[in-house]
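One letter stands for each residue in the lines below.
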Amino acid sequence: MHTVKVSHIAKSFGDVKAVTDVSFEVERGEIFGLLGPNGAGKTTALRVILDIFKPDSGTVSILEGPMNDEKKSRLGYMPEERGLYQDITLERCLIYLGTLKGLSKDEARQRAEKLLESFDLADHKTKKVKELSKGMQQKAQIINTILHRPELIIIDEPFTALDPVNTQMVKDLMEELREKGATIIMCTHQMHQVEELCDRILLMDEGKDLLYGNLNEIRKQFSGHAVLVRSNGNLPSIEGVVGIEEHNSSTKLNLDDGINPQDVLSALLEKNVILEKFEIAVPSLDEIFIQAVEEGKQT
Amino acid sequence: MSTLWLIAKHEYKRHVMRRAYILILLSLPLMLTLMIGLIIATVNMENDDRPLGYVDQSGVLTEAIPAPLDSSLETPVEMIAYPIREDARAALDSGDIQAFYLLPDDYMETKHVELVYVDDIGDDATGQFWDFMRVNLMSNVPQGTVDFVTNGADITIRTPDGSREFSKSQILSLILPLLVGIGLVVLIMTSSGYLVGIVAEEKENRTIEILMTSISPNQLVTGKLLGIIGVVATQVTVWLGFLFGFIYLAANQFGYEWAQNISIESNTILMIVAVMVPAYVMFAALMTAIGSMVSATQEGQQLSGLVSLLLWLPMAFMGIIIESPNSPLVVGLSIFPASAPIVITMRTVFTVVPFWQLALSVTLLTATAGSAVWLAGRALRLGMLRYGQRLSLRELFRKA
């Protein structure tokens, strides 16, 4: 069953077409990555999903049907940058926003206290939000997003302003939430986080979907016919290798058609090359991202 | 707890807990208290409570009786009789009295009185001496006649249908609707800041996006309006409480006649409520719509100035309203929603507003207020995520 199903949505603001044609589905219990360069239409697409904007065309099904007031308490949204009242105390802000999501005041307070404790913010709960550091505000935003234990979590750039320790904590939290059955849509530019966390992705550019599907399948789709090799000496010439290029601290060997990596490995071992590294060259998501966007612009 | 109540309560607390609000809340009472205190202090400083002397050669004050005071604020000035001018002069020179009056033998014929003083004497002492004279000159006249001569006639003017009447002792009751009208203008102007900035903070913080995924735009705008109405109601209650307290003190402690004779007819109260409530909602919703359309609070405040101009517009027609309160132009202004609240309340001072005009005006005001609330909700929904970009009127109505 799909938690979110988006079918051919389009949204314009005056003459500006923010989203022209986007379709995707998010399955229950997965972490879904929504990627794209700046101005790709990701945020507009999210706002259409959240019913903040009505689409000009297309349909959105969220938690099995169109959005309504009851469903709003079943989802948590964290916008990019800020999002909390700045002039009130952190605790009051969390409790108020929690009660708007259907929690009682006591319930909201108890849950906020627990989360503040685990996010190491308990000592700052009586401070005004604007008095908190950027990292603390980001953590407070995350608390606010999950306070009411939503089924669907939509987060825009969750790792902004977080140090490595807190980044890891948020990643662990997201995996824990996924294990508990929550569905997460994550919008980010940090590709390595997407590689680590996401099950499936949608890459958008200029309001359209460029790449969509399982992350591993997409990487396979973009992987060339090559291997990465590192040895303690110079590499001898190998039959079937049509090109050699330096790739970080390794050497990338582009293979001819009909040659497979095992053939290359055997040949290297036969020539007594001492290997430190031998792996099939798979492009990083960064590379896929750049390649897909460039190809998208050319078509 | 309903969502509307939660939003209203949050909005209310957010404003009333601010230091600036508390200062505004207390500023009017404190300012008035200070002004009244200064006036009383100035008057007291100018007044001289030392006794007044008199030398009565005419015999009209032989068995003098004291005159009652006009109000309890007055300090009684003692009247001391001296048999001869020289004694009075000696008392004046020694500072025992501030001045003395000499009533010559032929006072009853000439009505000439001589006043001898060193420094100017205070108004209250002069007033009290002439009250003293009046009471004693008419000591043999029945009390009713004395009151009539002292206070003059209390003429009551009634409209032909008897629905309204005017007496000079009820001056405050008569002008009350006008005061309420002006009060409305002041209220709208003071609350326009809150209304224009109704979603400014949420837009600036991006909290609006979180709110929109929790509640509907209509719930947000209605809840916020309720909260701000609560803020304004608190302000009105405190200010009215102070005003009534002041009137109570004036009537019961200081004995002022104008304060004792206040009576407000139930029809007047009904009319004020019927006109002012939809008028306030209409202007509040318009301010809210402006606040939702603009990109910066400052820009909203400039635009809200135009709405305030609409409120003050009837003042430009004040001459016509006073001279011809039933002329077609004035009747038209009474029915036009933007000018109706002020023009109707002004007309009630000078004429009887026909029921059909009042009913039509209230109906139009209510309909306009409803439309304005709808418009505010729409402006909020369309304009809430326009960061740094104003929503144009064309867009507002085109997307409607």
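About the cut-offs
Residues numbered from 1 in each chain as written. Chains lettered and ligands numbered in written order. Predicted model: local features only at pLDDT ≥ 70, side-chain atom pairs only at ≥ 80, totals over all residues. Helix = DSSP H or I, 4+ residues; strand = E, 2+ residues; numbered from the N terminus. Buried ≥ 20, exposed ≤ 12 C-beta atoms within 10 Å, placed from the backbone. Contact = placed C-beta atoms within 7 Å. Pairing = 2+ DSSP bridges. Axes fitted to C-alpha atoms, helices over the stretch in contact; angles between N-to-C directions. Nonpolar A, V, L, I, M, F, W, Y, C, P; charged D, E, K, R; others polar. Parallel < 35°, antiparallel > 145°, perpendicular 65-115°, else oblique. Left-handed = near helix turned anticlockwise from the far one by under 90°. Core = buried A, V, L, I, M, F, W, Y, C linked by C-beta atoms within 7 Å. Expected span 1.5 Å × (residues − 1). pLDDT = per-residue confidence, 0-100.

(A) Quick look at the overall build of chain B. Across its full length, chain B carries 18 helices and six strands. Classification of the 400 residues of chain B by burial places 31% in the buried group. Relative to all contacts within chain B whose residues are 6 or more apart in sequence, the contacts with residues 24 or more apart total 74%.

(B) Seen up close, the overall build of chain A. Secondary structure assignment for chain A yields 10 helices and 13 strands. For chain A, the spread of C-alpha atoms along the three principal axes comes to 75 × 45 × 35 Å. A buried classification covers 37% of the 299 residues belonging to chain A. Within chain A, contacts between residues separated by at least 24 positions form 70% of all contacts whose residues are at least 6 apart in sequence.

(C) Looking closely at the sheet that holds strand β13 (residues 275–280) of chain A. Residue and element names in this part refer to chain A. Taking strand neighbours across the sheet as the criterion, the four strands line up as β11-β12-β10-β13 in an open arrangement whose pairing is antiparallel. The open sheet terminates on both sides in strands that have one partner only, identified here as β11 (241–247) and β13. When strand polarity is set aside, the average angle formed by the axes of neighbouring strands in this sheet is 25 degrees. Where strand β10 (residues 226–231) lies against β13, five bridges are found, and the strand directions are antiparallel. Across the sheet, residue R230 finds its bridge partner in β13, namely K277. Strands β10, β11, β12 (250–255) and β13 of the sheet are contacted by helix α9 (residues 261–270), whose axis makes an angle of about 165 degrees with β13.

(D) Just the interface of chain B and chain A, in detail. Taken residue by residue, the interface counts 14 residues in chain B and 18 residues in chain A. In terms of residue count, the dominant contributor to the side of chain B that touches chain A is helix α9 (residues 207–212) of chain B (four residues). When the residues that make up the side of chain B that touches chain A are grouped by side-chain class, the tally is five nonpolar, seven polar and two charged.

(E) Representation of the sheet that holds strand β3 (residues 99–103) of chain B. Residues and elements named next belong to chain B. Pairing within the open sheet is mixed, and its four strands lie in the order β2-β1-β3-β4. Each edge of the open sheet carries a strand with a single partner, namely β2 (79–81) and β4 (114–117). Pairs of neighbouring strands in the sheet enclose a mean axial angle of 25 degrees, with direction left out of account. With five bridges joining them, strand β1 (residues 52–56) and β3 adopt parallel strand pairing. Looking at the pairing, Y54 lines up with Y101 of β3. The sheet contacts of helix α3 (residues 85–94) involve β1, β3 and β4, and relative to β1 the element is tilted by about 170 degrees.

(F) Main features of the packing of helix α12 (residues 266–293) of chain B against helix α17 (residues 355–383) of chain B. Residues and elements named next belong to chain B. Taken N-terminus to C-terminus, the directions of α12 and α17 make an angle of 20 degrees; their axes are 8 Å apart at the nearest point. Overall, the two elements α12 and α17 adopt an arrangement that is roughly parallel. For the element pair α12 and α17, the recorded crossing hand is left-handed.

(G) Local environment of the packing of helix α15 (residues 328–335) of chain B against α17 of chain B. Residues and elements named next belong to chain B. Running from N to C, α15 and α17 cross one another at 40 degrees; their axes reach a closest spacing of 8 Å. The angle between the axes of α15 and α17 places the two elements in the oblique class. Of α17, the residues touching α15 (which contributes V331, S334 and I335) are Q357, L360, S361 and L364. Of the residues that constitute the contact of α15 with α17, the class distribution is four nonpolar, three polar and no charged.

(H) Spatial organisation of the nonpolar core. Core analysis: the largest hydrophobic core is formed by 127 residues, its most contacted members being L94, I154, I184 and M186 of chain A together with V275, A285 and L286 of chain B. At 14 residues, α12 of chain B tops the list of elements feeding residues into this core. Not counting the four nearest positions on each side in its chain, L94 of chain A is found in contact with A108, A112, I143, N144 and L147 of chain A. Y54, A99, Y107 and F129 of chain B belong to the second-largest nonpolar core, a separate cluster that totals 18 residues.

(I) Structural view of the pairing of strand β2 (residues 16–27) of chain A. Residues and elements named next belong to chain A. In this structure, strand β1 (residues 2–13) lies alongside β2, joined through eight bridges in antiparallel fashion. Note that in β2 the partner of S12 across the bridge is K17. Between β1 and β2, which pair antiparallel and follow one another directly, the connecting turn spans two residues, one of which, G14, has a positive phi of 65 degrees.

(J) A look at the pairing of strand β9 (residues 208–214) of chain A. Here six bridges tie strand β8 (residues 200–205) of chain A to β9 of chain A, and the two strands are oriented antiparallel to one another. Residue D205 of chain A lies in a different strand from β9 of chain A, and its bridge partner there is K208 of chain A.

(K) Quick peek at unusual backbone geometry. Within the chain, D51 of chain A stands out as a residue other than glycine whose phi angle is a positive 70 degrees. Within the element layout of this structure, D51 of chain A appears in the loop between α1 (42–49) and β4 (57–62).

(L) Spotlight on the environment of A88 of chain B. All names here are of chain B. For A88, the location among the structural elements is in helix α3. Here A88 falls in the buried class, since 24 other C-beta atoms lie within 10 Å of it. Distance from A88 to Y101, taken between C-alpha atoms, is 9.0 Å for residues 13 residues apart in sequence.

(M) Local environment of helix α5 (residues 134–146) of chain A. All names here are of chain A. For α5, built from 13 residues, the straight-helix expectation of 18 Å at 1.5 Å per residue is met to within 8% by its first-to-last C-alpha distance of 19 Å. For α5, every residue scored as buried is listed here: Q137, Q138, K139, A140, Q141, I142, I143, N144 and T145. Packing partners of the buried residues in α5 comprise β5 (75–78), α3 (90–100), α4 (105–118), β6 (152–156) and α6 (164–179).

(N) Summary view of the confidence of the model for chain B. On average, residues of chain B carry a pLDDT of 81, and 89% of them reach 70 or more. In the model output, the complex is listed with pTM 0.72 alongside ipTM 0.81.

(O) Geometry of the environment of P83 of chain B. Its location among the elements puts P83 of chain B in the loop between β2 and α3. A count of 10 C-beta atoms within 10 Å places P83 of chain B in the exposed class.

(P) Main features of the environment of T351 of chain B. Among the secondary structure elements, T351 of chain B is positioned in the loop between α16 (340–350) and α17. Residues in contact with T351 of chain B, not counting those within four places in the same chain, are P325 and N326 of chain B.

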